[in-house]
Structure formats: C-alpha cells, structure tokens
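Residue strings, one per chain:
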Amino acid sequence: MAVDLHIHSTISDGTLTPEQIVQVAQQKGLMAIAIADHDAIEGIAPAMQAAEGSELRVLPAVEISTEYQGGEVHILGYFIDTHAPRLLGKLQKIRQARRERAAQIAEKLQQLGLAVTAEQIAAEAGGGSIGRPHVASVLVKAGYVRTAQEAFAQYLIPGRPAYVPRYRLTPAEAIQQIIQAGGLAALAHPGIDNAEKWLGELIEQGLGGLETYHTNHGASQTRKLLELADQLGLLVTGGTDSHGPGGPVPVEIGSVDVPDECAQRLLQWAEQRQQAYTR
Ligand SMILES: [Zn+2]
Ligand SMILES: [Zn+2]
C-alpha cells in the first residue's frame, strides 16, 4: 500500500482526467490520493465519484501558486470545502487574471509585428490554466523562434518586450483562504523553491503541514524535512506531483514512497476538525 497526495489532472495542466487518475491509482493499489490542481478544485468531485465504493480514499486538495520576496512559494490545501464561496471566488479571480495576462501578452507581441492571438494561446492551453509556456509554443509553431527557451529569452521574461507581470497571492493570503475554507495548509516541495527558510513566518500565518516526500527531494533532504516537521509540529505530506504521461517531465503516479501514515494522519486531522464543528 502507498499513497500519493500531490497529483495534477486535466483540470489544470495534467494529462489525465480525474477519473483516469483514480483508475491508475486503483490499478496500482494505492490507499489514498489527492488531486491538487493549480488554483482549481473542479477535479475533486469527479475523482471522489469515480472512487466511490472502492478502497481508494480521495482527499480534497488544491495547490495555490504564490510569490514571496521574488520567489515561488506553492501552498497545498487539504480538506478544503469545495463549496466555500470565498475560496471559489478567489480561485476564479486567479484564473481570470491568467487569461487577461495572456491577452495582454498577445497584444504586446502584435505590436512587435508578430501575428499571435489570445485565442491561439488559449487553444494551446487546451482548457487548462493558461501560462507563458503556451505563448512560447505558439511562437515556436508560428516559426518566430526555434525553441520555447528562445521565446522566453527574447520576449517573455522580465525586461523583454512582451513580459507582463502575473497576478499572484502572497503565501499569507493563500493560507488564509485555505483555513477559511476549513482546510489544512501545507508548504509544497520546499526543496524545489528553496522555501523552507520561510517556514517560521508561514507557521505564524497558520501553516500546518510540510510536503516532505516529493519527486524532486533527495533522501537526505527528505530526512532533514522530516526532522523539521517534527520539531515544528507540522503534519507530513508527500506525493509525486505527477502531471501524467506525455508532459515534459513524466512522473508516474505513486512512484514516490510516501508512507500510508501521512494520509492517515491527515484523515485524523479532518475527523477531529469535523468533530470540533459538530460539537
Ligand atoms: Zn508546485
Ligand atoms: Zn504540483
């Protein structure tokens, strides 16, 4: 038995639908999964429905991208109420801002004489959340640049002519949104973002968990993070961050050795919270 508490579906930028993810998890005999799409929670209900009546537990989750001191900080939210109106409104605003940003980038490219439309960029994203990689692939396909890297370097990074800054929450805002929606906020993959230095501040803001097991965390890093979680009283979470097959860095669902205990502790946390509500 194993668990995978960080998976992306087609609702954001993954290649498998929530139902397909459930199927894969069942084939692999996983005990629990969490679909944690970027700034979106629409994958949770279909996954729960698909898993109904089976042994597989589907934990509600979301991954919110934030920025702090010029760096990326991703905040995971577990057991968020998927009907919480404020959270839904906030996530919608984030996605709306992404679309507006794509339109602004297209406009700037057009001013530079490049025939790129917001529709092309949206089509490239295929209904998922729109980002600069989609602009880059439109530019490659149109023959304006040879590679995505070239598209970024020439047009899309800060200081280049088609750069448009992104609307981002702060980690504090994301944590607050998650808590208000009844969820547990956890810091995602600190090993990638070098974000563990913010742990003290994040805990003050209400952070309750730490993603210790992750595809990009080495063994010694994982050990260090486990110690840190223990010292700071944070719940340990972990997952593959799989975006499904076919992406730039394919990672198989369930391929990181995350102890069942992580999911069990989270489920206990949710049960206690439930009791606190109904008491
Ligand atoms: Zn992330
Ligand atoms: Zn992720």
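Just above sits the structure.
Below is a summary of the structure that appears in this document.

Quick notes on the rules
Residues numbered from 1 in each chain as written. Chains lettered and ligands numbered in written order. Predicted model: local features only at pLDDT ≥ 70, side-chain atom pairs only at ≥ 80, totals over all residues. Heavy atoms only, no water. Salt bridge = Lys/Arg side-chain N within 4 Å of Asp/Glu carboxyl O. Helix = DSSP H or I, 4+ residues; strand = E, 2+ residues; numbered from the N terminus. Buried < 20%, exposed > 50% of the residue type's maximum accessible area, 1.4 Å probe, protein only. Core = buried A, V, L, I, M, F, W, Y, C linked by side-chain atoms within 4.5 Å. Contact = heavy atoms within 4.5 Å. Pairing = 2+ DSSP bridges. Right-handed = clockwise from strand over helix to strand, strands pointing away. Phe/Tyr/Trp six-rings, centres within 6.5 Å; stacked < 30°, edge-to-face > 60°. Donors = N, O, S within 2.8 Å, 3.2 Å for Na, K, Ca; no water.

1. Regarding the pattern of salt bridges
Line of reasoning, step 1. A full pass over the atoms with the stated rule returns 9 salt bridges.
Line of reasoning, step 2. One salt bridge connects glutamate 72 with arginine 168, and the closest N-O pair in it is separated by 2.9 Å. With glutamate 72 in strand E4 (residues 71-78) and arginine 168 in the loop between helix H6 (148-156) and helix H7 (171-180), this pair connects stretches of sequence that are 96 residues apart.
Line of reasoning, step 3. Assessed through its relative accessible area of 33%, glutamate 72 is described here as partly exposed.
Line of reasoning, step 4. A relative accessible area of 16% means that arginine 168 is categorised as buried.
Line of reasoning, step 5. Glutamate 196 is the salt-bridge partner of lysine 224, the closest N and O atoms lying 3.5 Å from each other. Of this pair, lysine 224 sits in helix H10 (residues 219-232) while glutamate 196 sits in the loop between helix H8 (190-193) and helix H9 (199-204); the two residues are 28 residues apart in sequence, bridging distant segments of the chain.
Line of reasoning, step 6. Several salt bridges converge on common partners, so that one network encompasses Glu67, Glu72 and Arg168.

2. Re the nonpolar core
Line of reasoning, step 1. Counting residues in each nonpolar core, the largest one holds 51 residues, and the members touching the most others are Leu5, Ile75, Tyr78, Leu187 and Leu207.
Line of reasoning, step 2. Element by element, the count of residues in this core is highest for helix H11 (residues 260-278), at 5 residues.
Line of reasoning, step 3. Residues within four places of leucine 207 in sequence aside, it is in contact with Ile75, Ile175, Ala185, Ala186, Leu187, Leu199, Leu202 and Leu234.
Line of reasoning, step 4. If you look at the next biggest cluster of nonpolar residues, it comprises 19 residues, including Val116, Ala125, Val135 and Ala162.

3. A word on the pairing of strand E7 (residues 235-239)
Line of reasoning, step 1. Within E7, 5 of the 5 residues are buried, leaving the element largely enclosed by the surrounding structure.
Line of reasoning, step 2. Residue alternation in E7 divides its side chains into two sets, Leu235, Thr237 and Gly239 and Val236 and Gly238, and both sets are buried.
Line of reasoning, step 3. Of the strand pairs in this sheet, strand E6 (residues 209-214) and E7 are connected by 5 bridges, and their pairing is parallel. Bridging from a neighbouring strand, histidine 214 pairs with glycine 239 of E7.
Line of reasoning, step 4. Read from E6 through H10 to E7, the crossover connection turns out right-handed.

4. Focus on the packing of aromatic side chains
Line of reasoning, step 1. Throughout the structure, instances matching the rule amount to 2 aromatic pairs.
Line of reasoning, step 2. Ring plane angle 85° and centroid distance 4.8 Å describe the contact between tyrosine 68 and tryptophan 198, whose orientation is recorded as edge-to-face. Of this pair, tyrosine 68 sits in strand E3 (residues 57-68) while tryptophan 198 is found in the loop between H8 and H9, placing the two residues 130 residues apart along the sequence.

5. Thoughts on the coordination of the zinc ion (ligand 1)
Line of reasoning, step 1. Protein ligation of the zinc ion (ligand 1) involves Glu63 (OE), His74 (ND1) and His189 (NE2), the donor distances falling in the range 2.1 Å.
Line of reasoning, step 2. Each donor residue of the zinc ion (ligand 1) lies on the same chain, and together they follow the pattern E-x10-H-x114-H.
Line of reasoning, step 3. Between the zinc ion (ligand 1) and the zinc ion (ligand 2), a spacing of 3.5 Å is present, and a bridge between the two is formed by glutamate 63. With glutamate 63 in strand E3 and histidine 189 in the loop between strand E5 (184-187) and H8, this pair connects stretches of sequence that are 126 residues apart.
Line of reasoning, step 4. On the basis of relative accessible area, glutamate 63 is assigned to the buried category, the value being 0%.

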